[in-house]
Amino acid sequence: MHRRLHVPNALAEDACIAGVFNPRADDIAALMRSLQLKRKPLMVCSGGTTSRCAAEGHWTLDLRQSCRQIHFDPSTQHVEIGAGQTMESLLRELAKHGRSFPTGLSGLPGLGYILTGGISPLSRSQGLAIDQILEIKGVWGDGESFVRSKPEAACCSEDQLAWRGLCGAAPFLAVITDLKLQTHLLQPLRIWQSSLTFEQLLELIHQAESWPDSLSLQWIWGDEIHAYGVILANDAVAVATFNQLQKTTLCTNVVEIYDVAGIHELPPFALPVVSNTAIGRCHSEVVALLGPAWGSACQGVITALAELMAERPDPRCYLAVQQLGGVASRQRKDVSSLIHREAIWKPWITAAWPAGDSHIRALSLNWLEKVWATLEPYCEGVHLAQMHPHLPWHQRELKAAFGEWLPGLQELKARHDPNGILPSL
C-alpha cells in the first residue's frame, strides 16, 4: 500500500513513506524511547513546508493534530504555541490582542520557521524569530522530556549550551512540542512592490544597505525582477526614506503601494510569473545563504547572476533575497546556532523541475550549485531552514551554517540523540 502525507510541500507529499505517527503530545517521549527504525532518521512535520517532512521509506511524526495549543497571556504579553500551529495562526491570534511577531513571507510554516532562525521582513527592527523564544518544551532524541528557559546570559554551562543548540539547530537534537515567545506591539506597515531593470536593482541594493532599520528590501528574480519593500509606517525616518525613493527613477515601475494594519495582513509576495510551458506538478529544493553587505562587489555579483538566470533549466527556478541587519545583527553570535549575525543579505536559491522528471531535476540542481558557487565568495554562510541529508552537499551546508560551533552541536547530538533517531550532524 502506498502511504503519503498530505502537506504543502509537493516533493514531500509525493514521497512513498513507511508510515505516520500521530501520538498525543504526552505520548511523544514514550514513542521516542521505543523507536527502533529500520530507516533513520525520523521525519518531523509541523507545518509541512520543507522537502524533508516526509521521505521515501521513512516514518513521519506528524504534530499538526496533537500540538495545537495556543495561548496569549495579557499580563505578560507572552504567547505559548504548539508545534501543530502555523505562523498564520500565530499572527491571527496575536492580532486579537494588538500584538504581533516577526514571521516570514508566508504564513504556512510551523515552528520549524522559528527554530531554524526565523528571518522576517521585520527582522531589522525586531530581531530574528529565535531571539523571541523564552521557553522551549520538547523531547530529546533519546526520549527524555525537557523544559528549558532562556538563560540570563551566554556562557558555557550545560543548560546554556543546550539552549544555544535548540535555538537554530533543534531539528537535529529534539522534537519540540511547545514554545513560549515574547511578542511585539502590532504596528501598521506600508508595503510597496515594483518591477525593476538590471540597473535599477543595482542602485536599489546600494541604497538599501544604508537604510534605517525600519525599512527592509526583498527581491525576486525569475523571468523578471520584482522588489518588495516593507516599512514601519509610524517611523518617520523610514517613511521619509521611502518618500525620497519615490522621487527617483527606481520607482518608475511601482505597481502597488499598500497600507496594512500589521504583518498579519501582509499581501502575498508572489513567486515569479512563469510561462505556460511550466505546467503540472512541481518539485523543488531550496538552499539559503547568508552574507554581509555587497558594497562595491554588487556590480560583479549581479552581472554574474544575470548570466545564470538566463540559463535556468526550468522557468520555475528562481533567486530571491531578503535583507537583514539592524537589530538582528546586534545579538551575540554565541546565543544561538545561527552564528552569521553580520549578515545583511539572505539569498535563497530554488531549483525546480516537473515532478518525476529526473533529467530536469539533475539540471536544476546543477544550476542551483552554480548560483551557489557564484554567491559563495560574498555569502559564505548558510541559513539551514531546510535540511538536505539526501543530497551531496549536506556536509558542506552544515559547515557553512554552524562553522566553529559544529563540534559543540555534535557533542550535544551524541549526548541527547545517541541512536541517531533524528537527522544527522
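Details of the structure are given in the entry above.
Residues numbered from 1 in each chain as written. Predicted model: local features only at pLDDT ≥ 70, side-chain atom pairs only at ≥ 80, totals over all residues. Heavy atoms only, no water.

Turning our attention to the packing of helix α6 (residues 158-173) against helix α12 (residues 406-416). At a minimum axis separation of 10 Å, α6 and α12 run at an interaxial angle of 85°. Comparing their axes, α12 and α6 come out roughly perpendicular. Residues Glu158, Leu161, Ala162, Gly165, Ala169, Phe172 and Leu173 of α6 form the contact with α12, whose own contacting residues are Leu409, Leu412, Lys413, Arg415 and His416. A per-class count over the contact of α6 with α12 returns seven nonpolar, two polar and three charged. (Axes fitted to C-alpha atoms, helices over the stretch in contact; angles between N-to-C directions. Helix = DSSP H or I, 4+ residues; strand = E, 2+ residues; numbered from the N terminus. Parallel < 35°, antiparallel > 145°, perpendicular 65-115°, else oblique. Contact = heavy atoms within 4.5 Å. Nonpolar A, V, L, I, M, F, W, Y, C, P; charged D, E, K, R; others polar.)

Residue Pro41 is bonded to the preceding Lys40 through a cis peptide linkage, with omega at 5°. Relative to the helices and strands, Pro41 resides in the loop between α2 (28-34) and β2 (43-45). At Gln77, a residue that is not glycine, the phi angle is positive and equals roughly 60°. Tracing the backbone through its elements, the reader meets Gln77 in the loop between β4 (70-73) and β5 (78-82).

Tallied over the full model, the rule gives zero disulfides. Cys317 forms no disulfide, and the closest cysteine sulfur to it belongs to Cys282, at a distance of 8.0 Å. No disulfide involves Cys379; its sulfur sits 11 Å from the nearest other cysteine sulfur, which is in Cys298. A residue is classified by how much of its surface remains accessible, and Cys379, at 1% relative accessible area, is buried. (Disulfide = S-S within 2.5 Å. Buried < 20%, exposed > 50% of the residue type's maximum accessible area, 1.4 Å probe, protein only.)

A word on the pairing of β4. The pairing of β4 with β5 spans four bridges and is classified as antiparallel. Counted as the bridge partner of Asp73 is His78 from β5. (Pairing = 2+ DSSP bridges.)

Read across the sheet, three strands follow the order β1-β3-β2 without closing on themselves; strand pairing throughout is parallel. Since the sheet does not close on itself, it has two edges, and those belong to β1 (19-21) and β2, each with one partner. Direction aside, neighbouring strands of the sheet carry axes that sit 30° apart on average. Relative to strand β3 (residues 59-62), β2 is paired through three bridges, and the arrangement is parallel.

This part covers helix α8 (residues 236-246). One full turn of an α-helix is made of 3.6 residues, so residues set three or four places apart face in the same direction. Of the residues making up α8, those classed as buried are Ala238, Phe242 and Leu245. Around the axis of α8, the buried residues are gathered within 55° of arc, so they sit on the same side. Seen from the buried face of α8, the exposed residues on the opposite side, beyond 90 degrees, are Ala236 and Val237. (Arc of directions from axis to C-beta.)

On to the sheet that holds β5, then. Ordered in space as β4-β5-β9-β7-β8, the five strands form an open sheet in which the pairing is antiparallel. A single partner strand is all that each edge strand has here, and the edge strands are β4 and β8 (145-149). Ignoring strand direction, the axes of neighbouring strands in this sheet form an average angle of 15°. One ladder, built from seven bridges, connects strand β7 (residues 133-140) with strand β9 (residues 174-182); its direction is antiparallel. Bridge assignment links Ile133 to a residue of β9, and that residue is Leu181. Sheet strands in contact with α6 are β7, β8 and β9, and its direction is about 70° off that of β7.

Here the focus is the packing of aromatic side chains. On inspection of all chains with the given rule, the structure shows seven aromatic pairs. Taking 6.3 Å as the distance between ring centres and 85° as the angle between the ring planes, the aromatic pair formed by Phe172 and Phe402 counts as edge-to-face. Taken as a pair, Phe172 in helix α6 and Phe402 in helix α11 (residues 394-402) lie far apart in primary sequence, 230 residues in all. Comparing Phe172 with Phe402 shows no difference in burial state: the two are buried. Looking at Arg164, its charged tip hangs above the ring of Trp405, at a distance of 4.1 Å from the centre. (Phe/Tyr/Trp six-rings, centres within 6.5 Å; stacked < 30°, edge-to-face > 60°. Lys NZ or Arg CZ within 6 Å of the ring centre and 35° of its normal.)

Treat this as a map of the structure, not an account of what it does.
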